[in-house]
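# Fold and contact review
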Amino acid sequence: AVDAETGRKLWQSRPEPLAPLTLATRDGRVFYSNYEQVVCLDRATGEELWRSEPAESGKGHRATGGTLVAAEKAVLYAHVPASGRNYYGHLRAFSTETGELLWKGPTYAGPGVANPPDLFVIDGLAWVGETRVPVNNAQTATTRRGFNPRTGDVIREVSVPKLTSPGHHFRCYRSKATERYLL
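Residues numbered from 1 in each chain as written. Predicted model: local features only at pLDDT ≥ 70, side-chain atom pairs only at ≥ 80, totals over all residues. Heavy atoms only, no water.

### With respect to the environment of Arg156
This is how the line gets drawn: Numbering goes from the N terminus for both helices and strands, where a helix is a DSSP run of H or I of at least four residues and a strand is a run of E of at least two. When accessible area is computed with a 1.4 Å probe and restricted to protein chains, residues below 20% of their type maximum are described as buried, those above 50% as exposed, and intermediate ones as partly exposed. Whether two residues touch is decided by their heavy atoms; if any such pair falls within 4.5 Å, the residues are in contact.
Examined against the element boundaries, Arg156 turns out to sit in strand β12 (residues 154–160). Arg156 sits in the partly exposed class, given a relative accessible area of 48%. Each C-alpha atom, one on Arg156 and one on Leu125, is 8.3 Å from the other, the two residues being 31 residues apart in sequence. Beyond its immediate stretch of four places on either side in the chain, Arg156 contacts Leu125, Trp127, Arg144, Arg145 and Gly146.

### A word on the pairing of strand β11 (residues 142–147)
The side chains of a regular strand alternate, first on one face of the sheet and then on the other. Test applied: Pairing between two strands is assigned when DSSP locates at least 2 bridges connecting them.
Where burial is concerned, most of β11 is hidden: 5 out of the 6 residues are buried. With 2 bridges joining them, strand β10 (residues 125–128) and β11 adopt antiparallel strand pairing. Bridge assignment links Ala126 to a residue of β11, and that residue is Phe147. For β11 and β12, the ladder comprises 6 bridges, and the chain directions are antiparallel. Across the sheet, the residue bridging to Thr142 is Val160, located in β12. Between β11 and β12, which pair antiparallel one after the other, the connecting turn spans 6 residues, and Gly152 there sits at a positive phi close to 85 degrees.

### Details of the confidence of the model for the protein
The predicted structure's coordinates, where accompanied by low pLDDT, should not be read in detail. Worth spelling out the cut-off: A residue's pLDDT is the predictor's confidence in that residue, given on a scale from 0 to 100.
Across the protein, the average pLDDT comes to 81, with 73% of residues at or above 70. Per-element confidence in the protein is highest for strand β4 (residues 48–51), whose mean pLDDT is 97, and lowest for β11, whose mean pLDDT is 84.

### Overview of the sheet that holds strand β3 (residues 38–42)
Note the cut-off: Between N-to-C directions, angles span 0 to 180 degrees; the directions come from axes that are lines fitted to C-alpha atoms, helices contributing only their stretch in contact.
Spatial strand order, β1-β2-β3-β4: 4 strands in an open sheet with antiparallel pairing. Looking at strand neighbours, the two that pair on one side only are β1 (24–26) and β4, the edges of this open sheet. Adjacent strand axes in the sheet meet at a mean angle of 20 degrees when their direction is disregarded. In terms of strand pairing, β3 meets β4 through 3 bridges, oriented antiparallel. Across the sheet, the residue bridging to Val39 is Arg51, located in β4.

### A few points about the pattern of salt bridges
Convention followed: What makes a salt bridge here is a side-chain nitrogen of Lys or Arg within 4 Å of a carboxyl oxygen of Asp or Glu, nothing more.
A complete count under the given rule lists 5 salt bridges for this structure. In this structure, Arg26 engages Asp27 in a salt bridge whose closest nitrogen and oxygen atoms are separated by 3.7 Å. On the accessibility criterion, Arg26 (30% relative accessible area) is partly exposed. According to the relative accessible area criterion, Asp27 is exposed, its value standing at 65%. Across the salt bridge formed by Arg51 and Glu48, the nearest N and O atoms sit 3.0 Å from each other. Residue classification places Glu48 among the partly exposed positions, given a relative accessible area of 35%. The network of salt bridges with shared partners includes Glu16, Glu48 and Arg51.

Dropping the structure here:
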């Protein structure tokens, strides 16, 4: 860790892989994935506070990492496995305090075979990629569910009946989000 104003090194953790798109900080803690588990460090000292149970093994599909978001009292981690032709992953939520697995699910797909999974926290809800699997590119409707980050309960569901044309697929670009829109 480096002081942003002075450039002075504050601390250094032990070297290990850090999956892209998984570095996050919240409430005095730093979180990341080492491609096998989620790790939590004290932001001020670099002291390791916990490691989760194994979340996945190795790099994701086409060597992507997962997507990690630090929400209030829950660290959310979405990862797509590297093996076979199964491009579906599971959203996992870990306690920010202990690293304990709070919940796992749903199975999701997307946005594409070469991208890390979509994962957003908006208005206190966790939103992940397509949960209707297997994905059928002939379907034109899209549904997204907003989950309580601590419990996994579905709090909100948004359905758009004709969002895409038949045969359309999300492949080349990750989805984006604002406080008002999932794009």
